[in-house]
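# Structural features, examined
The lines below spell out each chain.
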Amino acid sequence: MLVCMASNQQTRPGIGELAKDTARGRIGVVMGEVGGRVQIRPIGGGTEWDALPGNVVRPSAREELSARLAIRNGNSRDGL
């Protein structure tokens, strides 16, 4: 009997989604792709950086929660 197993591979995050650049250990929002590189913007805004596609993964649940909490804390400090 042949059994097919589901792949454990995750797909790379798309535009507007949170992503982790494993080479830098930073989390940001995917803004697009140009020239074979993924552009990621820091969560709080700022200058985008380029990442190699192989280094861009979905953040873990803990990393995503921490990033979203940082956004909310920043917004409350700014009165938003």
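A few points on the structure. (Residues numbered from 1 in each chain as written. Predicted model: local features only at pLDDT ≥ 70, side-chain atom pairs only at ≥ 80, totals over all residues. Heavy atoms only, no water.)

## Things to note about the pattern of salt bridges
Evaluation of the coordinates by the stated rule reveals six salt bridges. Taking the shortest distance from any N to any O, the salt bridge between R58 and E17 comes out at 3.3 Å. Residue R58 is located in the loop between strand 5 (56–57) and helix 1 (61–77), and its partner E17 is located in the segment before strand 1 (18–21); the two are separated by 41 residues in the primary sequence. Its relative accessible area of 32% is what places R58 among the partly exposed residues. For K20, the salt bridge is made with E63, and the minimal N-O distance between the two is 2.6 Å. Placement of the pair is K20 in strand 1 and E63 in helix 1, with a sequence separation of 43 residues. (Salt bridge = Lys/Arg side-chain N within 4 Å of Asp/Glu carboxyl O. Helix = DSSP H or I, 4+ residues; strand = E, 2+ residues; numbered from the N terminus. Buried < 20%, exposed > 50% of the residue type's maximum accessible area, 1.4 Å probe, protein only.)

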